[in-house]
Every structure is written in C-alpha cells, then in structure tokens.
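Okay, here's what each chain looks like letter by letter:
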Amino acid sequence: MKGSKKTKDQEVKVNGVEQLTGAEALLRSLIEEGVDTIFGYPGGAIMPVYDKLLDYEEKLNHILTRHEQGAAHAAQAYAMVTGKPGVCFATSGPGSTNLITGIANAYLDSVPVIFITAQVVSGLIGSDAFQETDILGVSMPVTKWNCQVKRPQDIPDAIAKGFYLATTGRPGPVLIDITKDAQIEKLSYRYKKCTYLRAYNPHIPLHTMAVESAAIMINHADKPLILAGHGVLISKAEKELREFAEKTGIPVAVTLLGLSSFPSGHRLYTGFLGMHGNYGPNLLTNQADLIIAIGMRFDDRVTGNLKKYAKQARIIHIEIDEAEINKNVQVDLEIHNDAKEVLQALIPLVSKASHERWIREFRICDKTEYEKVIKSETRPDKGDIRMGEVVSIVSELTEGDAIIVTDVGQNQMSAARYYRFTQPNSLVTSGGMGTMGFGLPAAVGAKIGRPEKQVVTFLGDGGFQMTIQELGTILHYKIPVKIIILNNGYLGMVRQWQDMFFGKRYASTELVNPDFVAIAGGFSIKAKKVSKREELKKSLTEMLAAKGPYLLDIQIEKEGNVLPMVEPGASVSEVTLNYKG
C-alpha cells in the first residue's frame, strides 16, 4: 500500500474524529512536525510501526541502516547538515541499548534528534520479559528529556513535546519509548504542536544592560579575541558573527565544532582552538586582554590547564545554556541569551575599529607554524604520504565547498586543521564524545540530508572497522559518498600518545587490516588503494568525479604525529611544535 491510499484505521471515525492505531498516530505526528526521513532498524516490539510505514512510503523515507548505532549517527549528521531534527527508530532491548552511544554523542554536541524506541507490552514491564530493558533509566543522563508512553492517546502529545524540547533552547536528543500495546490500540487522533511548557523557558528576554556593558568592554579593549563555538551555527548566527568581527576588527578563533561558522579564508580568521589547534589562537589566548566567547563551553580540549588559562583577560561569555556559564572558567560578564540575538544587539553598539598590530601577531604565529609544521605536512617532497597532504589536496579540489565528515582521532584533527571551510554547517564530526565509528554512518546521514553536496568522509583504519557494516547501507540505497581511509596500520591517536608519553610502548594499537578494496568491491563500491605520492592527486580527482560511492584506501606514514599539540596538563600557550621522539 502507498501513502495515498486509506487504511482501514483511517476509514473509521467517531464524531468526525479519525480513529487510528498508536503506530499510525506516531507516523502522522511525525509528518505534522515536518519529518520526511527516518533512520532505523526494525524488531519485534516496534513491528506495528514498521507495518504502518508501508502506508506512508510517499511521505516518509525510511533508511534501513545495518546497526542501530549507525542509525543514531546518521540521524545526528542529517540534523547537523539540514538544520532539521533527525529521527531514529529502534526496537526494545538490544535495539534501544545499541542507540546509547549515538544518543550520548548527540547530547554532548547539542544536536536535536528524536529517538523512538519500542517497549514490551505494558503488562510485562518489570517482569524481565524477552528483550525488556529500562531504556528510560539507561538514557536519562544523556537525553534532554525522555518518557515512556503506555497509552495510545498519549502518543501525539509526547511527540509534540519531544520536538519542542529537542529543538528549542540548547538543542539536544529526546527519547520516547512506546509500549507495543500502545502501538496497536486505537485513539481519537488529533495533533497540536507544542509551543509552551510550564517551567521551561527556552527564550530568555535579552539582557540589554549586559549587552551594553559588553559593548563598552569591547570598545576599550586593545587585544580582544573572539572564540566562536558550535552555538554560532546552532543559532544560525554566521552572518552576524562576520558582521560583528568586521566592524570591530577583532580576530576570530573557532572550536572544533565551531569550524565553518567563520570563513577560513577571511583576513580575521586565526584558526581553530584546542589540543591540536593552530599555534596562533592557542598561544595568544594567554595574551588577549578581552575574550568574547560565543556559543562555546570552555571544554578542556580548548582550555588546557585551567589554572593557567587566560588569567590576564577579562571574559565575556555569550551562552544560551546557563549551566555552562562559570562552570569551567569564571567570567567577568555573562550574557545568558541566544548568540544570534546578542550579536544583532551588539553590532550597533560597538565602534568601528581596527586591531592590525594585534592581528599581525597572529600572522607571525601563522608563519612560524607553517615553517615548522604545515609545510612538511601538506607539501612534503619525500617520504610516505602524509595525512595533511591528503586533506589539503581534497580542500583544493573541492574549493572548500564540500561537506566534510570525519571519524575520530588523527584523521579528525588533520581534517580540522587542513580543510579550508567556506560554507556553514560543512563539518560533521563527533566533538564532545569523540566516538570512533562515527564517520561512515554520519556520511550516510549527511549525504541523504544534502544530496546536492559533495560529501567526503575521512576515516582512520581503526574507526572504519567499527561501523564497516554501513557499507551495506551505502549499497542498498546507492548513496554516492566519497570515503577516504587514512590507513597507517595503527590506532593512530592512541599510538601518538604512547609515542609521546609512554616511551613508545605500543600496547594493542598496531592493526592487522583486511583488504579494504576487496571488501568495498563486495559491496559494489568502486575502490582503489593508493600508496605512491605521484598517484595521489589523480586518484582523489577520479574519486570526486565518480557518480557513485567511491573508497580510497590511502597508505600514509605509519608513525606520523599530529602537531602542534597542547600536551595534557600544559597551558594553551605551552604549545609543542616539534616532536622527534
């Protein structure tokens, strides 16, 4: 049956109100919220929902991944590139628990995903029934909100509330667990979107006095520095950030998840912050006299040793989540509001300024970093292929316009360092959770969300094998993602730490890998192994030009390290540029 046909449930009305099963009410409610794509994996407890999906094939596109974790990551990536909440289905027991890593990933990175899980029939809850798990208890620490629905009439309101909570304020995942009997039984269906919840105030009135105070501090600063985080992208404040920076002349540094919020080729762009970030913004954070932190949470990877972090600077923190303010770093002025709203109010109040002498200090750092790190990493004239070299060529070939998806580890840091982002929301990566295995299923979600864009994913050989089964999803739906394995035969980032801090004692980090090209061939994915530098650019060009999915297994330097590095316990200004082991 197709979505245009009436089902038996739809034909029955009581007092003019449709009588639907809970399963159909769920799907209709999702459509009311504008959902057109669902990622998921069926099972016994959620079978009534999947049965009704057949009636809505024209309105709801369901992507069957090969593992529930893959569905969760794909749904997150879909949300990140489209700006719409992702939706993910799973059954009870192991189906729901297999989502947990993906739920936690979305939670830490503030991404709105609606997770719908099924539960055993309500009469069996608490009896240790087959495939029964207390998914509410398990997921509570990593969801913005969760609930269990035992009655069909409660399904529409639960969905409405879930979407409202997931997408307002600081976004995040919600989980709605629906018992099997609630899916089968009928209700009088009505749907009303949620726009208000008592004791939940996602929009805080603008603190105008704080904004005025911030403008005074900004206008009198000699060495101000903007730190832009994921909140800029979430609030869609990229235009305002650029206008604010250009008017004030303040240099801009970004966090990992803030990458693509500010054009990397802009004269005020100084690079990305963090453990493997650029030399200038890390070093000069401890020389700035004013830090304007926008939509970021002062993560430990950004601050380094907190006892040595920016002690000379006054700090303005613009953040929608009040819990993040003064949590890690004590600030001088807090503005608990949406980044876009604050910047719109600030721009008329700040003075037109130029900080050329201050910006020149960043350019000096750039030159130092280029000579000591970047030149040999992106333009080597001998030795094995380098990670940065691969990323740099992809950046040139795509003109910084592709959506880049990464796994976690050295591949992630190299992509962040050497891809020149020109468009907002063009980096999809696992930030707070640092989930190996994220990259491949996330590439699936990103490409489905933005089919018109070139989607390239950088994976390590270790992380790739954690979710390698999602090649089956790519085969099934003919998803034309471009897959680059930066293959060094190691769990690269762990090996780097063993090299630098554990006397080169490589415990359980060397990998014996299968033939990735042969495996890709088994999934009807065109693939090629590259080990020579003279083949590299041509192979990357062929990959990007291919109409379908394509995998490149690129053999890179086995024991290469990602530098610079702010070592554990060090200040952000104590940056390691050279390491020879």
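Residues numbered from 1 in each chain as written. Predicted model: local features only at pLDDT ≥ 70, side-chain atom pairs only at ≥ 80, totals over all residues. Heavy atoms only, no water.

Right, let's talk about the nonpolar core for a bit. Grouped together as the largest cluster of nonpolar side chains are 101 residues, with contacts concentrated most on I316, L346, F458, I484, L540 and I554. Excluding residues that lie within four positions of it along the chain, I554 makes contacts with I385, V390, I484, I485, L486, N487, V530, L536 and L540. (Core = buried A, V, L, I, M, F, W, Y, C linked by side-chain atoms within 4.5 Å. Buried < 20%, exposed > 50% of the residue type's maximum accessible area, 1.4 Å probe, protein only. Contact = heavy atoms within 4.5 Å.)

If you walk across this open sheet you meet the six strands as β17-β16-β18-β19-β21-β20, and the pairing is parallel. Strands at the two margins of the open sheet, each flanked by one partner only, are β17 (427–428) and β20 (526–530). Bridge count for strand β16 (residues 403–406) against strand β18 (residues 455–460) is four bridges, and the pairing is parallel. By the bridge assignment, I404 is partnered in β18 with V456. Of the strands in this sheet, β18, β19 (482–487), β20 and β21 (550–555) are in contact with helix α24 (residues 533–545), which crosses β21 at around 165 degrees. (Pairing = 2+ DSSP bridges. Helix = DSSP H or I, 4+ residues; strand = E, 2+ residues; numbered from the N terminus. Axes fitted to C-alpha atoms, helices over the stretch in contact; angles between N-to-C directions.)

Here we come to the confidence of the model for the protein. Model confidence for the protein is summarised by a mean pLDDT of 96, while 98% of its residues fall at 70 or above. Counted against residues more than four places away or in other chains, residues 1–5, with its pLDDT under 50, gives 13 contacts. (pLDDT = per-residue confidence, 0-100.)

Sheet architecture is open: six strands sit in the order β12-β11-β10-β13-β14-β15, paired in parallel fashion. Looking at which strands have only one partner, the edges of the open sheet turn out to be β12 (269–272) and β15 (333–335). Across the sheet, the axes of successive neighbouring strands diverge by a mean angle of 15 degrees, strand direction being ignored. Summarising the sheet, strand β10 (residues 224–228) and strand β13 (residues 290–294) pair through five bridges and their orientation is parallel.

As for its placement among the helices and strands, H230 is situated in helix α11 (residues 230–234). H230 gets classed as buried once you look at its relative accessible area, which sits at 14%. Not counting residues up to four positions away in its chain, the partners in contact with H230 are M80, D109, S110, V111, T255, L257, G258 and G295.

Let us now look at the pairing of β16. Judged by which residues are buried, β16 turns out to be covered on both faces: I403 and V405 on one side and I404 and T406 on the other are all buried. In terms of strand pairing, β16 meets β17 through two bridges, oriented parallel. Note on β17: the bridge partner recorded for V405 is V428. Once the chain exits β16 it traverses helix α18 (residues 410–418) before rejoining the sheet at β17, and the crossover so formed is right-handed. (Right-handed = clockwise from strand over helix to strand, strands pointing away.)

If you want to describe how two helices pack, look at the angle between their axes and the distance between the axes. Closest axis-to-axis distance for the helix α4 (residues 68–82)/helix α6 (residues 100–108) pair is 7 Å, and the angle between their directions is 20 degrees. By the angle between their directions, the pair α4 and α6 is classed as roughly parallel. Classified by chirality, the crossing of α6 by α4 is right-handed. Contacts between α4 and α6 involve Q69, A72, H73 and Q76 on the former and, on the latter, T101, G102, N105 and A106. Considered class by class, the residues forming the contact of α4 with α6 number two nonpolar, six polar and no charged. (Parallel < 35°, antiparallel > 145°, perpendicular 65-115°, else oblique. Left-handed = near helix turned anticlockwise from the far one by under 90°. Nonpolar A, V, L, I, M, F, W, Y, C, P; charged D, E, K, R; others polar.)

Among the structural elements, L283 can be located in helix α13 (residues 279–285). C-alpha separation for the pair L283 and G249, spaced 34 residues apart in sequence, amounts to 20 Å. Excluding residues that lie within four positions of it along the chain, L283 makes contacts with C365, V572, S573 and V575.

Another point: the environment of D134. One can find D134 in the loop between β6 (113–119) and α7 (135–139). Look at D134 and you get exposed, because its relative accessible area is 52%. Along the primary structure D134 and D177 are separated by 43 residues, whereas in three dimensions their C-alpha atoms are 9.7 Å apart. At a separation of 3.0 Å, a polar atom in the side chain of D134 contacts the main-chain amide nitrogen of G137. (Polar contact = N/O pair within 3.5 Å; in protein donor to acceptor, adjacent residues only side chain to side chain.)

What follows covers helix α2 (residues 22–32). With nine of eleven residues buried, α2 is to be regarded as a mostly interior element. Here α2 has its buried residues at G22, A23, E24, A25, L26, L27, R28, S29 and L30.

It is worth spelling out helix α12 (residues 238–248) at this point. For α12, every residue scored as buried is listed here: E238, E240, L241, F244, A245 and T248. The arc enclosing the buried residues of α12, seen along the axis, measures out at 165 degrees, which places them on a common side. Packed against the buried residues of α12 are α10 (208–219), β10, α11, β11 (252–254), β13 and α15 (339–346). (Arc of directions from axis to C-beta.)

Taken as a whole, this structure holds 25 salt bridges when the rule is applied. For R151, the salt bridge goes to D154, with nearest N and O atoms at 3.0 Å. Judged by relative accessible area, R151 falls into the partly exposed class, the value being 44%. The partly exposed category is assigned to D154, whose relative accessible area is 29%. Among the salt bridges present, the one from R363 reaches D366, with a minimum N-O distance of 2.8 Å. With R363 and D366 both in helix α16 (residues 356–378) and three residues apart, the pair spans about one turn of that helix. Among the residues examined, D366 registers a relative accessible area of 24% and is labelled partly exposed. The network of salt bridges with common partners includes R170, D321, E324 and K327. (Salt bridge = Lys/Arg side-chain N within 4 Å of Asp/Glu carboxyl O.)

This part takes up a nonpolar patch on the surface. Together, Y107, L108 and M433 make up an exposed nonpolar region whose accessible area comes to about 230 Å². Secondary-structure assignment places L108 in helix α6. When its relative accessible area of 31% is taken as the criterion, L108 is described as partly exposed. (Patch = residues over 30% accessible without salt bridge, like charges linked within 9 Å, V, L, I, M, F, W, Y side chains within 5 Å. Areas by Shrake-Rupley, 256 points an atom, 1.4 Å probe, with all protein chains shown as cover.)

Next up on the list: the packing of aromatic side chains. Tallying each qualifying case throughout the model produces nine aromatic pairs. Where F298 meets Y309, the ring centres are 6.0 Å apart and the plane angle is 75 degrees; that geometry is what we call edge-to-face. Of the two residues, F298 sits in the loop between β13 and α14 (300–303) while Y309 sits in the loop between α14 and β14 (314–318), which places them eleven residues apart along the sequence. Of the two residues, F298 and Y309, neither departs from the other in class, the shared state being buried. Ring geometry for Y490 versus Y506: centroids 5.6 Å apart, planes at 75 degrees, classification edge-to-face. Residue Y490 is found in the loop between β19 and α22 (492–501), and its partner Y506 is found in the loop between α22 and α23 (516–522); the two are separated by 16 residues along the sequence. (Phe/Tyr/Trp six-rings, centres within 6.5 Å; stacked < 30°, edge-to-face > 60°.)

A word on the pairing of β6. Most of β6 sits out of view: seven of its seven residues are buried. As paired strands, strand β5 (residues 86–90) and β6 are joined by five bridges and run parallel to one another. When the bridges of β6 are listed, G86 appears paired with V113. Here β6 runs beside strand β8 (residues 174–179); their pairing, made up of six bridges, is parallel. Residue pairing for β8: T117 is matched across the bridge by D177.

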